[in-house]
Amino acid sequence: IQMDGREFDKEYNLGRAEKLIREAAARGAKIVCTPEAAVQGYARVSLPPGASMDDPKVAAKRAKILEAAEPVPGPATSRFAGLAKELGVWIVFGIDENRGGKLFNTAVLMSPAGEIAGKYSKVHLQNWMVASGVNHGDGFPVWEVEVGGVKVKLGIQICYDIQHPEATRELVLGGAEAVFVPYCTNDFARPLLVHLFQTRALENRAFVIRVNYAAPHNNGTSSIIDFEGSTQDELDKAENVLVGDLNITALRKMRSVWNKVYGPPNRY
């Protein structure tokens, strides 16, 4: 779901997310993903060159970001749990997580039963993320989910993770067939960085689903990329829902063919 978002306005953000998740489910989606930190609208400090992390204004916003963060499970988690159970869908949603007083940039995987199936916290952090108080996650978990009687393995990365090749490779080595990438940036619409997502999909033989905020928060261009590195479909900048099928049978056939050119089997 390519939603608009507002910093610290959780009610607005949850309302936009719920509206579009309902629309996605009505159009047949069985796994739905929000952008990065969708609950809090991706509130972060600005850290221009030469700025100090100890600057009082930076420290004050860092404290506000932590204050807005929620535990998992918590209020926002409960709302997504009810929605997932009502609609019978899997939901990957981004949240600033307060884990014992420490901040993590987390994506939660919610099952159609309304239960937390797992969560992933962003591993790779830019300097303004660290200045915002975000802590590094550790590890790249993979989960097996069932959709319409078909079992498929999913992984999650968050934004900047995609610019580190080992992140996607770790997920695929763990069995991931589809990688969901919630993010928040205007930069990933650049052709070079779109190609980066496509390269990750091709070199690992995996589907990559990239999910950004709509304008005016960001510039959209969320897309589904297949295991050949081709963009199946892509949105423009406006708030919208992108629904598509992942041909898991074709992916598995490609991964099993003799003389594999791409993917982990040729990794030494």
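Residues numbered from 1 in each chain as written. Predicted model: local features only at pLDDT ≥ 70, side-chain atom pairs only at ≥ 80, totals over all residues. Heavy atoms only, no water.

Chemist: Honestly, the sheet that holds strand β7 (residues 150-156) in this entry has me stumped. Any pointers?
Modeler: Hydrogen bonding along the main chain pairs the strands of a sheet, whether they run parallel or antiparallel. Strand order in this open sheet of six strands is β6-β7-β8-β9-β10-β11, and the pairing throughout is mixed. Both outer strands of the open sheet, β6 (142-147) and β11 (231-234), are each paired with one neighbouring strand and no more. Direction aside, the axes of adjacent strands within the sheet are offset by 20° on average. Pairing geometry for strand β9 (residues 207-211) and strand β10 (residues 223-225), over three bridges, is antiparallel. When the bridges of β10 are listed, Ile209 appears paired with Ile224. Seen against the sheet, helix α6 (residues 191-204) touches β8 (178-182), β9, β10 and β11 and runs at an angle of roughly 150° to β9. (Pairing = 2+ DSSP bridges. Helix = DSSP H or I, 4+ residues; strand = E, 2+ residues; numbered from the N terminus. Axes fitted to C-alpha atoms, helices over the stretch in contact; angles between N-to-C directions. Contact = heavy atoms within 4.5 Å.)

Chemist: Hey, could you run me through the pattern of salt bridges in this one?
Modeler: Two side chains bearing opposite charge may form a pair once their charged atoms approach each other closely. Throughout the structure, instances matching the rule amount to 18 salt bridges. Lys122 is paired through a salt bridge with Glu36; the nearest N and O atoms lie 3.1 Å apart. With Lys122 in the loop between β4 (116-121) and α4 (127-131) and Glu36 in the loop between β1 (31-33) and α2 (56-68), this residue pair connects regions lying 86 residues apart in the sequence. A relative accessible area of 0% places Lys122 in the buried class. Between Arg205 and Glu228 there is a salt bridge, with its nearest N and O atoms 3.0 Å apart. Of this pair, Arg205 sits in the loop between α6 and β9 while Glu228 is found in the loop between β10 and β11, placing the two residues 23 residues apart along the sequence. Here Arg205 falls in the buried class, since its relative accessible area comes to 10%. Given the relative accessible area of 38%, Glu228 is considered partly exposed. One salt-bridge network, held together by shared partners, links Glu11, Glu18, Arg22, Arg79 and Glu86. (Salt bridge = Lys/Arg side-chain N within 4 Å of Asp/Glu carboxyl O. Buried < 20%, exposed > 50% of the residue type's maximum accessible area, 1.4 Å probe, protein only.)

Chemist: Sorry, what's going on with the packing of helix α1 (residues 10-26) against helix α3 (residues 75-87) here?
Modeler: How two helices sit against one another is set out by the angle between their axes and by the gap between those axes. The contact between α1 and α3 brings their axes to 11 Å, and the two run at 15°. On the basis of the axis angle, α1 is roughly parallel to α3. Here α1 runs over α3; the crossing is right-handed. Each of Glu11, Leu14, Gly15, Ala17, Glu18, Ile21, Arg22 and Ala25 in α1 lies in contact with α3, whose residues at this interface are Ala76, Arg79, Phe80, Leu83, Glu86 and Leu87. (Parallel < 35°, antiparallel > 145°, perpendicular 65-115°, else oblique. Left-handed = near helix turned anticlockwise from the far one by under 90°.)

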